[in-house]
Every structure is written in C-alpha cells, then in structure tokens.
Amino acid sequence: MSTVSALPTGNVHAVLDRAALYLGRYGWTPTNLYDTHDACPAKCACHRTGTYPASILGAIRAAVFGRPRWYLTGITDADQHAYSAAVEWFNTYLIAVGHAGLHAPVFDWETLPGRKPADVIEALCAAAIAYRRHTIRRAA
C-alpha cells in the first residue's frame, strides 16, 4: 500500500474547521479533554450548555459528535473513522509541517509553555487548508 492511499480520507478538513470554531467559541485548555470548571458553583454557561473549554482532541471530538464527548464507547464506525482520521491528519501535519515554530506530536505541541489559544486555532485551520490542498491534488 502506498503512503498516499494510507492517508486519511473523508471530511477531515470540515472536522478540523469545526474544531477551530468550537475552540474560538468555547475556549481552549491545554490539559484534559475538557475543563469541567470543578470549582464553579455550576451556574456558568459551561454547566448550563454542556460546552466546556476543550483541548485539541476534545474540540475534534465535539466537532465529530456535535457536542463534547468524554468516552468513545457506543459510537458508530463512521464516527470512529472521522475522529481517527482528523486526529491522524492533524498529528501528522504538526510533525511534518509544524506550526508556531514547533514540529511535534499533538500532545507535545499543545502543552508547550507559552502556547496560546490563537496558535491552536490557527494550527487547526492551517491543517484543514493543507488537507483541502492535498485532496485537490490527489483528485487531479
């Protein structure tokens, strides 16, 4: 099997765009999937809506499943594929191309001291654009 045919297929670009939108709207946390606001008196918008600040993987999960999702049990094969493909593409993009001055796997890249929410949102959008370019070239 060639490397090109092993790359993720599907709507990866749309998932990454939606993940960037999620982070822009609800916020980013570099640790855990979601920031649960444990010390909060449960009256904030996060608790009312169930939309918490998310890590990159949390935002990708929210993009695929339509809401934050802590566990991947009971999901369809199509949703599992969409989630895995988006994570695989984004991780590969960060290692191969890099963003904001660092080539690294998603966990190392995201938790780098000084990382800002804008860096994360820009990286997701840049990876989505790279995926679109890749699929256009493959189709031609």
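1. Quick word on the overall build of the protein
- When you go through the protein residue by residue, the secondary structure sums to seven helices and zero strands.
- Secondary structure elements of the protein, listed N to C terminal, follow the sequence α-α-α-α-α-α-α.
- Partitioning the intrachain contacts of the protein with sequence separation of at least 6 by distance along the chain shows that 62% fall at a separation of at least 24.
- Surface exposure of the protein reaches about 7700 Å², of which carbon and sulfur atoms provide 58%.

2. Topic: the pattern of salt bridges
- Taken as a whole and judged by the stated rule, the model has two salt bridges.
- Notably, a salt bridge pairs Arg132 with Asp17, separated by 2.0 Å at the nearest N-O pair. Taken together, the residues Arg132 in helix 7 (residues 117–139) and Asp17 in helix 2 (residues 12–26) connect sequence positions 115 residues apart.
- For Arg132, a relative accessible area of 29% gives the class partly exposed.
- The shortest N-O distance in the salt bridge between Arg115 and Asp119 comes to 3.5 Å.

3. Focus: unusual backbone geometry
- Positive phi, close to 60°, is recorded for Asn32, a residue that is not glycine.
- Position of Asn32 relative to the elements: it lies in the loop between helix 2 and helix 3 (45–49).
- Note on Asn32: relative accessible area 61%, which makes it exposed.
- Although it is not a glycine, Ala100 sits at a positive phi angle of roughly 55°.
- Tracing the chain through its elements places Ala100 in the loop between helix 5 (77–96) and helix 6 (106–110).
- The partly exposed category is assigned to Ala100, whose relative accessible area is 41%.

Quick notes on the rules
Residues numbered from 1 in each chain as written. Predicted model: local features only at pLDDT ≥ 70, side-chain atom pairs only at ≥ 80, totals over all residues. Heavy atoms only, no water. Helix = DSSP H or I, 4+ residues; strand = E, 2+ residues; numbered from the N terminus. Contact = heavy atoms within 4.5 Å. Areas by Shrake-Rupley, 256 points an atom, 1.4 Å probe, with all protein chains shown as cover. Salt bridge = Lys/Arg side-chain N within 4 Å of Asp/Glu carboxyl O. Buried < 20%, exposed > 50% of the residue type's maximum accessible area, 1.4 Å probe, protein only.

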